[in-house]
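# Survey of secondary and tertiary structure
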Amino acid sequence: MPHLAFTPNLARHVMRPAGEWPGATVREVLEAAFAQSPAARGYVLDDQGAVRKHVAVFVNGELVDDRQRLSDPVGDDDQVFVMQALSGG
Amino acid sequence: MSVILVGTRKGLFVLEPSAAGWRIARTAFLGDPVTMVLTDARDGRWYAALEHGHFGPKVHASDDRGVTWTEVATPSFPAEEGEDGAKGPSVSSIWSMETASDGGLWCGTIPAALFRSDDQGASWQRLAPFWELPQRAQWFGGGKDDAGLHSICVDPTDPRHLAVAISSGGVWDSPDDGQTWDLRADGMIACYMPPERQLDPNVQDVHRLVQSPTHPDHLWVQHHCGAWRSTDGGRSWQALDVPPSAFGFPVVVHPTDPHTAWFVPAVKDQFRIPVDGKVVVARTRDGGASFEVLADGLPQEHAYDLVYRHALDIDATGDRLAFGSTTGALWTTDDGGDHWHEVSAHLPPIYVVRFGA
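All figures in this text were calculated on a predicted structure; none of them were measured in a lab. Within every chain, residues take consecutive numbers counted from 1 along the sequence as written. Each chain is given a letter, starting from A, and each ligand a number, starting from 1, according to the order in which they appear as written. For a predicted model such as this one, the threshold for reporting local features is a pLDDT of at least 70, and the threshold for listing and counting side-chain atom pairs is 80 or more; totals across whole chains, interfaces and linings nevertheless cover every residue. To obtain the side-chain values, all non-hydrogen atoms of the structure were included, while hydrogens and water were left out.

### Here's the deal with the pairing of strand β13 (residues 162–167) of chain B
Where a strand is regular, its side chains alternate between the two sheet faces. Residues and elements named next belong to chain B. Note the following rule: Burial classification: accessible surface area is computed with a 1.4 Å probe over protein chains only, and a residue below 20% of its type maximum counts as buried, one above 50% as exposed, and the rest as partly exposed. For helices the rule is a DSSP run of H or I covering at least 4 residues; for strands it is a run of E covering at least 2, with both sets numbered from the N terminus onward. Any two strands between which DSSP finds at least two bridges are classified as paired.
Among the six residues in β13, six count as buried, and that is most of the element. Alternating residues of β13 divide into L162, V164 and I166 and A163, A165 and S167, and every residue in both groups is buried. Examined bridge by bridge, strand β12 (residues 148–154) and β13 share six bridges and lie antiparallel to one another. From the neighbouring strand, L149 faces β13, where its bridge partner is I166. Strand direction decides the pairing type here: β13 and strand β14 (residues 170–174), joined by five bridges, are antiparallel. Bridge assignment links A165 to a residue of β14, and that residue is V171. Between the antiparallel neighbours β13 and β14 lie two residues.

Right, here's the structure in full:
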């Protein structure tokens, strides 16, 4: 199954969903994780289900193209990584 | 025991009274922006709205006066997709929280919408009649990407009677718990608009709206272009000459005297600093006919503290006030503002100051 990981900055809010989750797209992997930890959803996705403006999702180190539908394909051995865009303050 | 909750860019500070004055008793969410707080005297529950820069707004609740906190639901817009594929809105900020009728809660957001919870924040419902107002298309953000709903006045004598204010979208009154709405900003002047639109009530940039708890027809407004007062529930507004400047963000009204109110003026618009580097509070006791400028205990030399719209509050006695600044200074008074005491000058930038029981 694809492996899902979060930046430590996000992991402090999102306690459980890192790990192996089933799915053939980024959306499916994330939704599988959020089904176990519903509160995590709103940290990664906005009200409309798109990736939050200042959050980035990578598959095997490549930024995903589709931030709205999260349709990028994910293979069984792939690594999905969720991080925050950097900012100051 | 009374408390002061101070929400800042870097966490929540809970102040309790001591023999030496107010002291910081505990903190929460250090490092995270806290944009709004609410203490609900009906069940003792406290709420804090956070605004994670990357991860969006969140609401937390405490049942032990801020010792421990648990995340509850965050108001969010229903998913929708327009014909052109455009997505619907997302809540970017929680900008107001108040207790509602029948044990409920109100939450005002950016973009400007009202959400209601009837289960202590476990779920929120967008108030459709307000969101569907056709005039919403003309609202716009004042220094923000979208218009925001920052003031919710719940009439203590009839909790179904609401008055809310939007930056920028005027003042709205509802007699029926939000089912119908009436725009009430006639008399305000939007100095930033083209001449033919300056009197349009729907584009008024109200910075803050407060209501007399004992005389709910008495409303006070600090606006982008001045200060106004209404004694007829917002049907008409009279301009006030607040010294030393008509610009500012906060206003509070006395809990039992509808003619007494306080403002914290600043140099307008593109500057947003105290006039002549002096932090002052303007107080009227005669309905705005005259003002006193209060400065005792406040910095009067090279002070650049700006006070945001939610960062001034008054308690139920009417004698105690507190306000905090963008520079992280917090002042309190026990005599209606005649004398001020500095609680701290080293807090993070302050967004909200509220008394609680």
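### With respect to the nonpolar core
All names here are of chain B. For the record, the criterion: Here, nonpolar core refers to any group of buried Ala, Val, Leu, Ile, Met, Phe, Trp, Tyr and Cys residues whose side-chain atoms link them within 4.5 Å. Contact criterion: two residues are considered in contact whenever any of their non-hydrogen atoms come within 4.5 Å of each other.
Residues L12, F29 and M97 are the most contacted members of the largest nonpolar core, which totals 30 residues. Every element with two or more residues in this core is listed here: β1 (3–8), β2 (11–18), β4 (34–39), β5 (46–52), β6 (56–62), β8 (93–99), β9 (105–110) and β10 (113–117). Per-element accounting of this core gives the leading share, five residues, to β5. Filtering out sequence-adjacent residues up to four positions away, L12 remains in contact with L5, V6, G7, R26, T27, A28, F29, V34, V37 and W69. By size, the runner-up hydrophobic cluster in this structure holds 28 residues, among which are F13, V252, W262 and V264.

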